[in-house]
Amino acid sequence: MSGSPLDQENGVLSDLGKEEDSEICQGSNEVKSRAVVKYSAAPPPTTYALLQEKTDLKLPPANWLRENPQLGSAGTTILGSSSKSKPFSSFGMAYDFIDSIGDDVDVVSDSENIKKLLKIPYSKSHVSMAVHRVGRTLLLDELDIQELFMRSSQTGDWTWLKEFYQRLVDQKWQRKKKSKEHWYQKAILSKFLYYSINGDGAAEPVHDNLNEVDEESGAEEFSSSWPATFTSTPSDSEECAAPKEETVSIDSNFALGQVTSVPKEQNLPMLFNEGENSQGLRNDFVRNIMWTFEDIHMLVGSNMPIFGGGRYPAVSLRLRDNNKPINILTGIDYWLDNLMCNVPELVMCFHVNGIVQKYEMIKTEDIPDLENSTFSTRVVKDIAQNILSFLKSNCTKEGHTYWLFKASGSDIVKLYDLTTLCEEAEEEKCQNPFTLPVAVLLYKVASNMMLKARQNRKHNGTIRTLLLNCVKLLDQERHPQIIASAHYMLSELFQLDEPPEEDGGESLRAGGSEDSYSDEEGEEEELPEDSDENSICSNPADDNKAVAVIRSVGELSVPEKYKSTHQIRPSYAFPVSQDKEERCRHVLSCVLKGLKAVDGSIKKESDLPAADPNTPIPLKYEDGSATRSCAAEKGIALLLERVGPFQEDQKHPTRSGMIPGSWQHRMKLQLFLKASKAYYVLSDAATNLLKYGRALRYVKLALQCHDAYCSVSSMLHPQVLLFHSQCLSLCGDIQLMLAQNASNRAAYLEEYSYQTKEDQEILHSLHRESSCQAFNMATDLATDPEYQLFVSSKCYEAAYELLTSGAVKAHGPEQLAQVLKRLGNIRNEIGVYYMNQAAAMQTEKEGKKPVSVAEQELWKKSFACFEKGMKDFEAIGDSTNTALLLCNTGRLMRICAQAHCAQSTDQNRGEFSPEEALYYNKAIDYYLRAMQSLSSRGNHPAVWDSVNWELSTTYFTLATLLQDYAPLSRKAQEQIEREVTEAMMKSLMYCDLQTESARQPLYQYRAATIHHRLASMYHSCFRNQVGDEHLRKQHRSLAELHYSKAVRLFLSLKDAPCELLRTLLERVAFAEFTMAGQSSSGAKLKTLTGALEIMAETRYAFLIIYKELMEEQAELSTSDPAKLAESPDGADGTSSSGMNLEEVMKLMGVFEPSFSFLLLQLIKLMTAMKRKQSSKGEEQLKTYKNVYSKMLRADKNAPLLSRMELYIDLLQQLTPQTGSRDTEACS
């Protein structure tokens, strides 16, 4: 092997030690050992001084007992402080290497404890160790029964254990003193080590009072290394703001250090940032080593001095009495020490009565084969595996203190659960001095795993178990800080925004282990096998109190006698729920427990009257109709006061008596914020379920938590303000939904008024810090939709002000866009609300009164809201919503136009007024701007189609009103006709006849109507035009063109038979008027024949009407025969299918004379013709006469269906070639 495993800087913690593997081979036996130094406080090894033969080790060297980094504590503790290892040494190491605890390491302990365990089958000495479990890691510490009971005699603590021990183990317990020989051997070992680093051979006379020193040191062996029972008051942590001294009183050795509840980036509470050194829990070992012995991973602390130099990079020094052979216990000791520290060789110095004789070099792998100390390394490996398996299988409860005990001279090893025995003895938890260190370690391991869990949530179950066990160990009155922090961390485990995801990542084992070395060199061999120390053997009959028993230490040497269950990782179930509400309830439960712990620790009680947590705090319910805008504005002002990112620096205690900057203050901030987030998620989930009353209650609680947070916080972090703006936005959403669903208000009120006991208790805790009134206006359930819309807009405005403030502006650009979108939407909603109110007011007006002031005010409010909304959407480049608001503004303009309708003296509709024209043109402008905003249909087809339809409708309405109520008093007929034509053609231009959509039939109907109206207008112009023949011809051709287009479109619709019939009859009338102006018989005959062909097309319209009336009659005959008898022809004017029977009768009244007139004129013309008719002409004349005669004989009072059936039959005789279309119509 090359290089030293300890070649590190002095005192530097490192997770990357030099890794050196050593495999020790002993004959056919082979043991795998690997050691990695994690931390070393010793300087690089230096060459040891080779002492001259005959050097007298009884004489102290000049540097004796002076502090030396090469020896560390191994030299100074011999006659200085206690040679015993500290009872919490494993905890000090665990705190330093918290990453390895719980998962990567099997055992954490002093190297002396490891050696003691592995020598159990070979030694008669007693074994007494405290065992604690954290995850899959066991912490082993010496439990010095003698010292413990000495303390019990002085303080009265642990009396139950003393009685138990005396009853079951040693009825005559008394303190045992070590012999003078023991102290003599310790002294010469210490002098030898100092000579070895001194090298100058200088010596001083031995002190005459050496015996006194020995006695003093012996007394100090039992000095108070154990702490006093921890009984600090809850206010201790508040009073220890000053840095603690390095040397503290015994009573405060284990006082809890200051908890830092807000660590640097992870936002997790952490304990003991810089407190271990002052708490007696520091890591005092010269080096810590990660030692892997076969498959066992151990973190051990060692104080063994290591020397080096020359061709021996690392050696250990040992002093032996030449008269005493090395026994097996000493051999195992030396071998294990070298393995743990990865030292390849051992240098043995032999002496006789303190006089140096010689040196001998032994390789580590040769130690098991030394004379008189031969042992099997494979057996030692089996012992290690069996002991670990035994402990892992039986020390199952985290937080419990187990006691591994073997009496001196006994072969039986017992394991007791001291925590359970203590509970049975009905003594408080604080009677166990391990309680606090164990709880803190559980907490620190959980905190460390929590940071890893941010990337890998598979540890959540383990973390939860650690924290729950930590809380279970502690008394809330004594340790509120840890309990509050633990509950906060428990709340952090539950993901509020999404279900926890299982992460498949596996944590890697850290290779290597850690070491420790005690100054108690060779203590085992100093105790002869027949030593009387604790020599009374226990009675096997008393094993009923033990958790587990090893009946014979010989069993430990049997391979796999105890199954290696320790390799099976414990499985901790974490309550995973897909239900958001359930997760939030878990969070709130943890928050409430944390708040109770904090509240209980605040000494100064507030002047508030004591509130009963079981009494509900009423959630204020207001009738919005009684709440006016001034009160609302005042509420908003309060709301915005809480919005400011910076509050005044708080130097005085809060309302409950908390000191700003104290742990209570920091913890409450975290808990308030967590509760606020949980209530926010609950509110959001309720909103998605349409439970708006419940949602408003939860968002009220969220804002109350934020109000309390603001009350105790001196500065608001941008992320907190961002979250606050989300709460306000959600509140705005809920108020909007409540306004839109007014019909369910009773159910919402019931949801809003309900409160759980947990919510009540959290509210009581909030009220200790704040009145929680700042957001009442925003979260009250009102009955007035207008007020709710107003509150909603104010919430969005407050959120917007937050997001545009300097502290937050850079953090939430996405959120700002969302709030602007909501602002635009609520302003649109309010605008629509006022617009609908104006429309309703217009409808309710009696007669046709002029525009009222109230109407105009509503228009102005509506228009202002639409304008603001458009600016909001334009600010985020939302062209679609901008177009929708422009469209709504266009609709508002049309309502204004309708309100300005002119009245004539007889209360009928007057001429089309200029105001109407103005507002319709404004509406058209807004619709055109909406089209420009969208730019093309591809951007948003639905909105494009809607705007297109509205624009076409507006043009059509304008043209219709111009045509029907022409302003002839202001404009010439020709000008009106031009304006009508222009408006009609523009309306037609926006009729999308090609795109298949739900509106396509409407577009077709409108296009047909436009063509019909234009045809009628040109028809009228043609009739009334005098003089200008060219213009008359133009009107005639335009009329023909539009009539033909109208007919074609009505025919394609198949559901507008009356419109088709009217158009055809007008077209026939147009032909009749044309014929009247013709002079020649041939032209007249041609015109009349064409008119008759047009008349024949009416058969298609009659067929559709006839079919609908027949279906209606059939339905009536099956459902209500009496009604059919009363009204066989639909005398009430309408049919059940919606057809206007009055209109049908009116059109029939026009059809009959027109048809008779055409037939009569044709018969006259054809009869008067001088030319002889062709056979075809004669046949036609005969048909005309036949049809005409039937028309004359027809009963004018016959039922409608009978007359219609006759007309269909007569028209069929005139047009046999149209049978295909007839069949289609009848089908």
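Here the structure is shown first, and the text comes after it.
Anyway, here's the lowdown on the structure attached to this text. (Residues numbered from 1 in each chain as written. Predicted model: local features only at pLDDT ≥ 70, side-chain atom pairs only at ≥ 80, totals over all residues. Heavy atoms only, no water.)

### Here's the deal with the overall build of the protein
Here is step 1: Counting its secondary structure elements, the protein contains 40 helices and 15 strands.
Here is step 2: Put simply, the protein has 1227 residues, and 55% of those count as buried.
Here is step 3: Entry remark: accessible area of the protein is about 53200 Å², with carbon and sulfur atoms responsible for 50%. (Helix = DSSP H or I, 4+ residues; strand = E, 2+ residues; numbered from the N terminus. Buried < 20%, exposed > 50% of the residue type's maximum accessible area, 1.4 Å probe, protein only. Areas by Shrake-Rupley, 256 points an atom, 1.4 Å probe, with all protein chains shown as cover.)

### Thoughts on empty space enclosed by the protein
Here is step 1: Using the criterion set out here, one finds 9 cavities of 30 Å³ or more in the structure.
Here is step 2: Lining the largest cavity are Val-107, Ile-114, Leu-117, Leu-118, Leu-138, Leu-140, Ile-296, Met-298, Ala-384, Ile-387, Leu-388 and Leu-391.
Here is step 3: Where the lining of the largest cavity is concerned, the elements lending two or more residues are helix 3 (111-118), strand 6 (137-142), strand 8 (296-302) and helix 10 (377-394).
Here is step 4: For the lining of the largest cavity, the element with the most residues is helix 10, which contributes 4 residues.
Here is step 5: Taken together, the residues that form the lining of the largest cavity break down as 12 nonpolar, no polar and no charged. (1 Å grid on protein atoms, 1.4 Å probe; cavity = no way out; pocket = protein on both sides within 12 Å on 5 of 7 lines; lining within 4 Å. Points joined across faces, edges and corners; volume = space filled by probe spheres on them. Nonpolar A, V, L, I, M, F, W, Y, C, P; charged D, E, K, R; others polar.)

### Comments concerning unusual backbone geometry
Here is step 1: Of note in this structure, Asn-342 is not a glycine but carries a positive phi near 60 degrees.
Here is step 2: On the secondary structure map, Asn-342 appears in the loop between helix 9 (328-341) and strand 11 (345-352).
Here is step 3: Despite not being glycine, Ser-935 has its phi angle at roughly 65 degrees, a positive value.
Here is step 4: Mapped onto the elements, Ser-935 comes out in the loop between helix 28 (914-934) and helix 29 (941-964).

### Looking at helix 9
Each α-helix winds once per 3.6 residues, and so residues spaced three or four apart point in a common direction.
Here is step 1: When the terminal C-alpha atoms of helix 9 are compared, their 20 Å separation across 14 residues agrees well with the 20 Å that a helix rising 1.5 Å per residue should span.
Here is step 2: Counting buried residues in helix 9 gives 13 out of 14 residues, a clear majority hidden from the surface.
Here is step 3: The opening residue of helix 9, the one whose side-chain oxygen lies 3.2 Å from the backbone nitrogen of Leu-329, is Asn-327.
Here is step 4: Once helix 9 ends, the next one or two residues include Asn-342, with phi positive near 60 degrees. (Expected span 1.5 Å × (residues − 1). Polar contact = N/O pair within 3.5 Å; in protein donor to acceptor, adjacent residues only side chain to side chain.)

### With respect to the packing of aromatic side chains
For any pair of aromatic rings, the description consists of the separation of the ring centres together with the inter-plane angle of the planes.
Here is step 1: For the structure shown, the criterion picks out 24 aromatic pairs.
Here is step 2: Here the aromatic rings of Tyr-680 and Phe-723 are separated by 5.6 Å at their centres, their planes lie at 75 degrees, and the arrangement is edge-to-face. Taken together, the residues span a long stretch of sequence, with Tyr-680 in helix 18 (residues 663-688) and Phe-723 in helix 20 (residues 718-740) at a distance of 43 residues.
Here is step 3: For Phe-723, a relative accessible area of 7% gives the class buried.
Here is step 4: Seen in terms of ring centroids, Tyr-787 and Phe-790 are 6.4 Å apart; in terms of plane orientation they differ by 35 degrees. Their pairing is tilted. Of this pair, Tyr-787 and Phe-790 both sit in helix 24 (residues 785-803), 3 residues apart, which is roughly one turn of that helix. (Phe/Tyr/Trp six-rings, centres within 6.5 Å; stacked < 30°, edge-to-face > 60°.)

### Describing the pattern of salt bridges
Here is step 1: What the rule picks out here adds up to 35 salt bridges.
Here is step 2: Residue Asp-475 pairs with Arg-478 through a salt bridge whose shortest N-O separation is 3.0 Å.
Here is step 3: For Arg-478, a relative accessible area of 22% puts it in the partly exposed group.
Here is step 4: Arg-694 is paired through a salt bridge with Glu-581; the nearest N and O atoms lie 3.6 Å apart. With Arg-694 in helix 19 (residues 692-712) and Glu-581 in helix 16 (residues 580-601), this pair connects stretches of sequence that are 113 residues apart.
Here is step 5: Shared partners join several salt bridges into a network, and the residues in it are Glu-112, Lys-115, Lys-119, Arg-318, Asp-333 and Asp-337. (Salt bridge = Lys/Arg side-chain N within 4 Å of Asp/Glu carboxyl O.)

### Examining the packing of helix 26 (residues 853-875) against helix 27 (residues 879-899)
Here is step 1: Helix 27 packs onto helix 26 with a crossing angle of 165 degrees between their chain directions and a minimal axis gap of 9 Å. Judged by the inter-axis angle, helix 26 sits roughly antiparallel to helix 27. Note that helix 26 runs across helix 27; the crossing there is left-handed. Taking contact as the criterion, the partners of Glu-855, Trp-859, Ser-862, Phe-863, Phe-866, Gly-869, Met-870, Phe-873 and Glu-874 in helix 26 are, on helix 27, Asn-881, Thr-882, Leu-885, Leu-886, Asn-888, Thr-889, Leu-892, Met-893, Ile-895, Cys-896 and Ala-899.
Here is step 2: Considered class by class, the residues forming the contact of helix 26 with helix 27 number 12 nonpolar, 6 polar and 2 charged. (Axes fitted to C-alpha atoms, helices over the stretch in contact; angles between N-to-C directions. Parallel < 35°, antiparallel > 145°, perpendicular 65-115°, else oblique. Left-handed = near helix turned anticlockwise from the far one by under 90°. Contact = heavy atoms within 4.5 Å.)

### Looking at the pairing of strand 8
Here is step 1: Counting buried residues in strand 8 gives 7 out of 7 residues, a clear majority hidden from the surface.
Here is step 2: Burial along strand 8 is two-sided: Ile-296, Met-298, Val-300 and Ser-302 and His-297, Leu-299 and Gly-301, pointing in opposite directions, are all buried.
Here is step 3: Pairing between strand 4 (residues 107-110) and strand 8: 4 bridges, direction parallel. By the bridge assignment, Asp-110 is partnered in strand 8 with Gly-301.
Here is step 4: Where strand 7 (residues 287-293) lies against strand 8, 6 bridges are found, and the strand directions are antiparallel. From the neighbouring strand, Arg-287 faces strand 8, where its bridge partner is Ser-302.
Here is step 5: Between strand 7 and strand 8, which pair antiparallel in sequence order, lie 2 residues; one of them, Glu-294, sits at a positive phi of approximately 55 degrees. (Pairing = 2+ DSSP bridges.)

### A short note on the nonpolar core
Here is step 1: Residues Trp-403, Leu-441 and Tyr-679 are the most contacted members of the largest nonpolar core, which totals 134 residues.
Here is step 2: Counting 124 residues, the second largest nonpolar core, distinct from the first, contains Tyr-1043, Phe-1102, Val-1144 and Phe-1155. (Core = buried A, V, L, I, M, F, W, Y, C linked by side-chain atoms within 4.5 Å.)

### A word on the pairing of strand 14 (residues 413-417)
Here is step 1: Burial within strand 14 is extensive, with 5 of its 5 residues counted as buried.
Here is step 2: Residue alternation in strand 14 divides its side chains into two sets, Val-413, Leu-415 and Asp-417 and Lys-414 and Tyr-416, and both sets are buried.
Here is step 3: Where strand 13 (residues 402-406) hands over to strand 14, the hairpin turn is made up of 6 residues, of which Gly-409 adopts a positive phi near 80 degrees.
Here is step 4: The pairing of strand 14 with strand 15 (residues 548-550) spans 3 bridges and is classified as antiparallel. From the neighbouring strand, Val-413 faces strand 15, where its bridge partner is Ile-550.

### What about the environment of Ala-1168?
Here is step 1: On the secondary structure map, Ala-1168 appears in helix 37 (residues 1141-1168).
Here is step 2: Judged by relative accessible area, which is 57%, Ala-1168 ranks as exposed.
Here is step 3: Separated by 87 residues in sequence, Ala-1168 and Ser-1081 have C-alpha atoms that sit 9.2 Å apart.

### Re the sheet that holds strand 9 (residues 306-307)
Here is step 1: Ordered in space as 9-10-11-12, the 4 strands form an open sheet in which the pairing is mixed. The outermost strands of the open sheet, each flanked by one partner alone, are strand 9 and strand 12 (355-363).
Here is step 2: Strand direction decides the pairing type here: strand 10 (residues 315-321) and strand 11, joined by 7 bridges, are parallel. Paired with Asp-321 across the strands is His-351, a residue of strand 11.
Here is step 3: On the sheet, helix 9 packs against strand 9, strand 10 and strand 11 and is oriented at approximately 165 degrees with respect to strand 10.

### Some points on the packing of helix 25 (residues 813-844) against helix 26
Here is step 1: Interaxial distance between helix 25 and helix 26 falls to 8 Å at its minimum, and their mutual angle equals 160 degrees. Judged by the angle between their axes, helix 25 and helix 26 are roughly antiparallel. The interaxial crossing formed by helix 25 with helix 26 has left-handed handedness.
Here is step 2: When the residues that make up the contact of helix 25 with helix 26 are grouped by side-chain class, the tally is 15 nonpolar, 8 polar and 6 charged.

### Regarding the side chain of Lys-674
Here is step 1: Summarising the element assignment, Lys-674 is placed in helix 18.
Here is step 2: Take Lys-674: its relative accessible area is 9%, and that puts it in the buried class.
Here is step 3: Excluding anything up to four places from it in sequence, Lys-674 contacts Tyr-488, Ser-491, Glu-492, Phe-494, Leu-496, Val-587 and Val-591.

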